[in-house]
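Structure at a glance
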Amino acid sequence: SSSSSSSSRAVRSLSSSGSGSSSSSGGGGVSTMADERFDGMLMGMAQQVHGIDNLMGTFFGFLRRKTDFFTAEEAQVHQAVMNAVQREFAAFNAEKEAAAAAKARAEKRKAAQKAKLDAARRKAREAEEAKAAAAAPAPAAEDGVEEIDLSSGAAAPAPPAEPAPAPEIAEENTGDAAAAAGEDDEEDDGPAPEGNGGTTDTYTWTQQLGDLQVLVEVPPGTRSRDLSITIAARKLKVGLKGQPPLIDGELHKKIIVDESFWTLEDDGGKKTVNIAMQKENQMEWWKCVVKGDAEIDTRKVQPENSKLSDLDGETRQTVEKMMFDQRQKAMGLPSSDEMKKQEMLKKFMDSHPEMDFSNAKIN
């Protein structure tokens, strides 16, 4: 009995010294981070008393029976309780604002990444279109028409005699070459890969010139904490904790890790891991995601169309020239280059009326 009374007084004395500071300022006591060490014990108590209201009753009952908390003035007791509640409300609001700010930053970063990828894709398309325009063959001279070099200023010679017929064997060779070319074309007649990607036993993937997306379906009810995902510069590993990985291998090419991320999406109960990765080389199409998986024919990929307003001045002029030449060709009219040559020839002819240009064509 004496021991129990002494223990009770010790608790009251210890609580009295602590409660005085909390009652006076409301800013003392254990910090929120330190309070987390009691979460397990308090959760067990909440489950035993069945609810938060009962837990609060148990806690204040402890203060009444074992401490001198309620011996203070009632206003001080109320103030101490309000200080604790306000402090926790402030912490709750701060956490809520921090979460909202983090979400806003993530969305801004995602939008910036998308804009960056779009710009890279446009730049790549512009380079491809400019390269294709530069590689377009010049129109061949027509048979039986003389060609002259304007820089020499020489007159066109008399028309040459008609060439002798080519041997029959040449016609046969031409036919064989055409047949071979037809066979090559047939090899490329297959459908373009859907989304410029493909499908394996465990995932589906698509790509643009600067980035790619991998979709991995996981069991319903899967949560983010159940997943084990590693995105490295040259490796990708995706799976559920405690189970064999669904993807585990070396990437086809190197990626930018800081610009790559994953999310867990829920579409009507269907769970899918969506992995977005940015290529390090944004001017190259991938044949596969992981080395050893099924490959696609990158010659059949279809880049997205772009608007002329999105292009820089020089590239826009090149594309507009290509579009004009295509329209001219469809109508059977000369291209822009041929029109320039014709204009040059006309000026040359006007400058040399003594020359006969009836069978001449500019080279």
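Let me sum up the structure you'll find in this document. These numbers come from a predicted model, not from an experiment.

1. Let's talk about a negative patch on the surface
Together, Glu36, Asp39, Glu88 and Glu95 line one region of the surface with negative charge. Relative to the elements of secondary structure, glutamate 95 occurs in helix H5 (residues 74-135).

2. Focus: the sheet that holds strand S6 (residues 235-240)
With respect to topology, three strands assemble into an open sheet ordered S5-S6-S7, the strand pairing being antiparallel. Edge positions in the open sheet fall to strand S5 (227-231) and strand S7 (247-250), since each of these has one partner strand only. Sheet twist, expressed as the mean angle between neighbouring strand axes with direction ignored, is 5°. As defined by bridge partners, S5 adjoins S6 across five bridges and the pair is classed as antiparallel. Paired with threonine 230 across the strands is lysine 237, a residue of S6.

3. Some remarks on the environment of leucine 55
Its location among the elements puts leucine 55 in helix H4 (residues 52-66). Look past the residues within four positions of leucine 55 in its chain and what remains in contact with it is Leu42, Met45, Ala46 and Val49.

4. Some details on the pattern of salt bridges
Between side chains of opposite charge, a pair can form as their charged atoms come close. Under the definition given, this model contains 14 salt bridges. Where aspartate 118 meets arginine 121, a salt bridge forms, and the shortest distance between an N and an O atom there is 2.0 Å. With aspartate 118 and arginine 121 both in helix H5 and three residues apart, the pair spans about one turn of that helix. Judged by relative accessible area, aspartate 118 falls into the buried class, the value being 19%. The exposure class assigned to arginine 121 is buried, which follows from its relative accessible area of 8%. Here the salt bridges share partners, and the residues they tie into one network are Lys114, Asp118, Arg121 and Asp211.

5. Considering the pairing of strand S3 (residues 204-207)
In S3, alternate side chains face the same way, and those of Trp205 and Gln207 are buried while those of Thr204 and Thr206 on the opposite face are not. Two strands pair when backbone bridges link them, and strand S2 (residues 198-199) and S3 are joined in this way by two bridges, in the antiparallel orientation. Within S3, the position partnered with threonine 199 by the bridge is threonine 204. Hairpin connection, S2 to S3: the antiparallel pair is bridged by four residues. With four bridges joining them, S3 and strand S4 (residues 211-218) adopt antiparallel strand pairing. Within the sheet, the bridge partner assigned to glutamine 207 lies in S4 and is leucine 212. Hairpin connection, S3 to S4: the antiparallel pair is bridged by three residues.

6. Structural notes on the side chain of threonine 67
When you line up the elements, threonine 67 lands in the loop between H4 and H5. With relative accessibility at 4%, the residue threonine 67 sits in the buried group. A polar side-chain atom of threonine 67 sits 2.5 Å from the main-chain carbonyl oxygen of leucine 63. Side-chain polar atoms of threonine 67 contact the backbone nitrogen of phenylalanine 69, separated by 3.3 Å.

7. With respect to the pairing of strand S8 (residues 255-267)
Pairing of S8 with strand S9 (residues 270-279), which is carried by nine bridges, proceeds in the antiparallel orientation. Paired with tryptophan 262 across the two strands is isoleucine 275, which belongs to S9. In this antiparallel pair of consecutive strands, S8 and S9, the connection spans two residues, and glycine 268 shows a positive phi of 60°.

8. Some thoughts on the packing of helix H7 (residues 313-330) against helix H8 (residues 336-351)
Relative orientation of the contacting elements H7 and H8 amounts to 80°, with a least axis distance of 9 Å. Between H7 and H8, the angle falls in the class roughly perpendicular. The residues of H8 that touch H7, namely those facing Lys321, Phe324, Asp325 and Gln328, are Ser336, Asp337 and Met339. Among the residues making up the contact of H7 with H8, the classes are represented as two nonpolar, two polar and three charged.

9. Comments concerning the sheet that holds S2
Taking strand neighbours across the sheet as the criterion, the five strands line up as S2-S3-S4-S9-S8 in an open arrangement whose pairing is antiparallel. Only two strands of the sheet have a single neighbouring strand rather than two, namely S2 and S8.

10. Some points on the packing of H5 against H7
The N-to-C vectors of H5 and H7 enclose an angle of 50°; their axes lie 10 Å apart at closest approach. Taken together, the axes of H5 and H7 are oblique relative to one another. As H5 runs across H7, the sense of the crossing is left-handed. Across the interface between the two elements, Glu126, Glu129, Ala130 and Ala133 of H5 pack against Thr315, Thr318, Val319 and Met322 of H7.

Cut-offs applied
- Residues numbered from 1 in each chain as written.
- Predicted model: local features only at pLDDT ≥ 70, side-chain atom pairs only at ≥ 80, totals over all residues.
- Heavy atoms only, no water.
- Patch = residues over 30% accessible without salt bridge, like charges linked within 9 Å, V, L, I, M, F, W, Y side chains within 5 Å.
- Areas by Shrake-Rupley, 256 points an atom, 1.4 Å probe, with all protein chains shown as cover.
- Salt bridge = Lys/Arg side-chain N within 4 Å of Asp/Glu carboxyl O.
- Lys, Arg positive; Asp, Glu negative; His and termini not counted.
- Charge placed at Lys NZ, Arg CZ, Asp CG, Glu CD.
- Helix = DSSP H or I, 4+ residues; strand = E, 2+ residues; numbered from the N terminus.
- Pairing = 2+ DSSP bridges.
- Axes fitted to C-alpha atoms, helices over the stretch in contact; angles between N-to-C directions.
- Contact = heavy atoms within 4.5 Å.
- Buried < 20%, exposed > 50% of the residue type's maximum accessible area, 1.4 Å probe, protein only.
- Polar contact = N/O pair within 3.5 Å; in protein donor to acceptor, adjacent residues only side chain to side chain.
- Parallel < 35°, antiparallel > 145°, perpendicular 65-115°, else oblique.
- Nonpolar A, V, L, I, M, F, W, Y, C, P; charged D, E, K, R; others polar.
- Left-handed = near helix turned anticlockwise from the far one by under 90°.

Taken by themselves, the reported measurements are silent on function.
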